[in-house]
Amino acid sequence: MESINHLFSQLKAPRKVVITMHQKPDGDAMGSTLGLYHFLVQFGHTVTVISPTNWAGFLNWMPGCQEVVDYERNVSSANKLIEEAEWIFCLDFNTLNRTKNMEAILLSSGAERILIDHHQQPQTEVFAYGVSDTTKSSTAEMVFDFIVNAGYEDKINKNIAECIYTGVMTDTGSFRFPSTTANVHRLIATLKEKGLEHGLVHEAIYDNFSENRLRFIGNVLLNRMEVFYEYNSALIAIPAADLVKYDIKTGDTEGLVNYPLSIEGIKLAAIVIDRGEERKCSFRSKGAVDVNTFARKYFNGGGHFNAAGGQSKDSLEQVVLAFKTALSENKELLSTYKF
Ligand code: 5GP
Ligand code: MN
């Protein structure tokens with residue numbers, strides 16, 4: 001993988017471009033891809049953003065989101081776009097299997113694949129150009145850096161500002177996580193100067209849910225959460241029937257995993273959701289508890305040091321048991337952890 005800086009001098013020659021992201025995109029995946037989209041179109045490139053799957057309704061307000069192609073609903077036209085593309089930007093993921101059913105066509109396309117991402121252990125051999133930096137708060141921050149380093153800060157408009165702000169805000173837990181560097185605050189200042197109305201973005205993302213979803217959270221916290229004080233850990237396990245009962249949609253469960261971390265002393269929080277075809281896991285931690293390694297070792301996943309995910313084909317009950325076993329295998333780290 002060559003440095004992404006090699007692209008700077010090529011930006012002015014219009015190309016066919018596809019921008020893609022990980023499946024079930026979150027605020028950073030959607031924010032970074034749409035931010036890059038609104039930048040590249042200014043050069044006359046033909047740009048299409050493709051998501052491997054559907055996404056949460058609370059992202060729909062984002063400028064350009066209505067034009068994003070849902071791969072699962074448009075397989076043949078999306079395949080054609082990917083086959084004909086000259087550049088394929090891969091944002092907010094670093095192994096092609098994170099694009100689910102798109103992996104094969106991404107690999108067989110003759111396009112140059114370009115990586116912009118902040119996760120650990122990138123699959124560098126499949127990218128022609130790229131930047132991978134695990135110290136970055138978000139891929140959206142990296143898109144901002146890409147635009148500025150290429151010498152085009154003047155092209156950052158209100159649309160780009162809203163998209164980048166969404167990515168940085170959601171991936172930093174609203175500027176709370178340790179990844180929130182001075183550079184992050186400086187870039188937000190720049191976005192404000194470009195006309196960003198940050199309060200409106202926050203409201204659009206966090207105050208746009210259904211009544212059902214709030215009642216679902218009540219049920220989950222009351223009935224589906226188990227706390228393991230001896231391991232400073234907690235687990236939320238959600239059966240498929242709950243998702244049906246409360247009419248839970250893509251994105252409605254995002255952020256739930258953080259709730260147990262608000263209990264005094266809890267340093268590792270996990271959630272496992274029975275999604276029918278698989279059990280999807282999320283892990284969050286504080287301080288020295290490395291959930292990237294935890295997710296890789298026990299749940300076929302990965303991510304960041306303090307935020308990771310995984311999945312399993314086993315039953316919900318088996319995954320819960322596997323989690324408890326994993327806790328006991330890490331007893332020393334978890335129970336002797338000093339706050
Ligand atoms: P979330 O728990 O919000 O789904 O994901 C937390 C972090 O872990 C994100 O950065 C996400 O990209 C990553 N992640 C989530 N699930 C998986 C997975 O199954 N495999 C890998 N490698 N990373 C994941
Ligand atoms: Mn991200």
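Residues numbered from 1 in each chain as written. Chains lettered and ligands numbered in written order. Predicted model: local features only at pLDDT ≥ 70, side-chain atom pairs only at ≥ 80, totals over all residues. Heavy atoms only, no water.

1. With respect to the environment of isoleucine 236
Which entries qualify depends on this criterion: Runs of H or I in DSSP of at least four residues are treated as helices and runs of E of at least two as strands, each being numbered from the N terminus. Note on contacts: a residue pair is in contact if any heavy atoms of the two residues lie within 4.5 Å.
In this structure, isoleucine 236 sits in strand β9 (residues 233-238). Taking C-alpha positions, isoleucine 236 is 9.1 Å from valine 320, a pair spaced 84 residues apart along the chain. Here isoleucine 236 is in contact with Val220, Arg224, Met225, Leu256, Pro260, Ala270, Ile271 and Val272, once residues within four sequence places are set aside.

2. Some points on the site of ligand 1
Let me state the cut-off plainly: Whether a residue is near a molecule or strand depends on its heavy atoms: it is near if one of them lies within 4 Å of it. What qualifies as a polar contact is a pair of N or O atoms within 3.5 Å, subject to a donor-acceptor requirement within protein and to the restriction that residues adjacent in sequence count only when both atoms come from side chains. Surface accessibility in these figures is a Shrake-Rupley result with a 1.4 Å probe; residues are shielded only by whichever protein chains are displayed. Lys, Arg, Asp and Glu make up the charged group, whereas Ala, Val, Leu, Ile, Met, Phe, Trp, Tyr, Cys and Pro make up the nonpolar group; the residues left over, Gly among them, are polar.
Taken together, 14 residues are adjacent to ligand 1, and Arg98, His119, Lys280, Ser282 and Arg284 come closest. One nitrogen or oxygen atom from the side chain of lysine 280 is found 3.0 Å from a nitrogen atom belonging to ligand 1. Note that an oxygen atom of ligand 1 is positioned 2.8 Å from one of the side-chain N or O atoms of arginine 284. Bound to the protein, ligand 1 loses 80% of the 500 Å² it would expose on its own. Going through the elements one at a time, β11 (279-285), β12 (302-303) and β13 (307-312) are the ones with two or more residues in the shell around ligand 1. Looking at the shell around ligand 1, the element that brings in the most residues is β13, giving 5 residues. Of the residues in the shell around ligand 1, the class split is 2 nonpolar, 9 polar and 3 charged.

3. Examining the environment of valine 184
Tracing the sequence through the fold places valine 184 in helix α6 (residues 182-193). It is 25 Å that separates the C-alpha atoms of valine 184 and leucine 11, two residues lying 173 residues apart in sequence.

4. Topic: the pairing of strand β2 (residues 16-21)
As a general feature of sheets, a regular strand has side chains that alternate between the two faces. Heads up, the rule is: Remark: exposure states derive from per-residue accessible area (1.4 Å probe, protein chains only) relative to the maximum for the residue type, with buried under 20%, exposed over 50%, and partly exposed in between. A crossover counts as right-handed when, viewed with the strands pointing away from the observer, the path leading from the first strand over the helix to the second turns clockwise.
With 5 of its 6 residues buried, β2 lies for the most part within the structure. Running through helix α1 (residues 27-40), the crossover from β2 to the neighbouring parallel element strand β3 (residues 46-51) is right-handed.

5. Quick look at the coordination of the manganese ion (ligand 2)
Applicable threshold: Donor atoms are limited to N, O and S found within 2.8 Å of the metal ion, a distance that becomes 3.2 Å for Na, K and Ca. With water left out, some sites might look partial.
Donor atoms from the polypeptide that coordinate the manganese ion (ligand 2) comprise Asp28 (OD), Asp92 (OD), His118 (NE2) and Asp171 (OD), at 2.2 to 2.4 Å from the metal. When the donor residues of the manganese ion (ligand 2) are listed from N- to C-terminus, their spacing reads D-x63-D-x25-H-x52-D. On the criterion of sequence distance, the pair formed by aspartate 28 in helix α1 and histidine 118 in the loop between β6 (112-117) and β7 (129-132) is long-range, its members being 90 residues apart. With respect to class, aspartate 28 is no different from histidine 118; both count as buried.

6. Brief notes about the domain arrangement of the protein
Which entries qualify depends on this criterion: In this document the domain limits rely on a domain assignment from an automatic tool or a database. Simply put, the buried area is the total loss of 1.4 Å probe accessible area from both parts when two parts are fitted together. Salt bridges are defined by distance alone: a side-chain nitrogen of Lys or Arg within 4 Å of a carboxyl oxygen of Asp or Glu.
The domain boundaries assigned to the protein delineate domain 1 (2-206) and domain 2 (211-334). Measuring from the centre of the C-alpha atoms in domain 1 to the corresponding centre in domain 2 gives 27 Å. For the pair domain 1 and domain 2, the two sides together bury roughly 910 Å², of which 44% comes from carbon and sulfur. Here domain 1 and domain 2 share 0 salt bridges between them. The tally of links between domain 1 and domain 2 comes to 5 residue pairs in polar contact (both at pLDDT 80 or more). Looking at the side of domain 1 that touches domain 2 residue by residue, the classes come out as 3 nonpolar, 7 polar and 3 charged.

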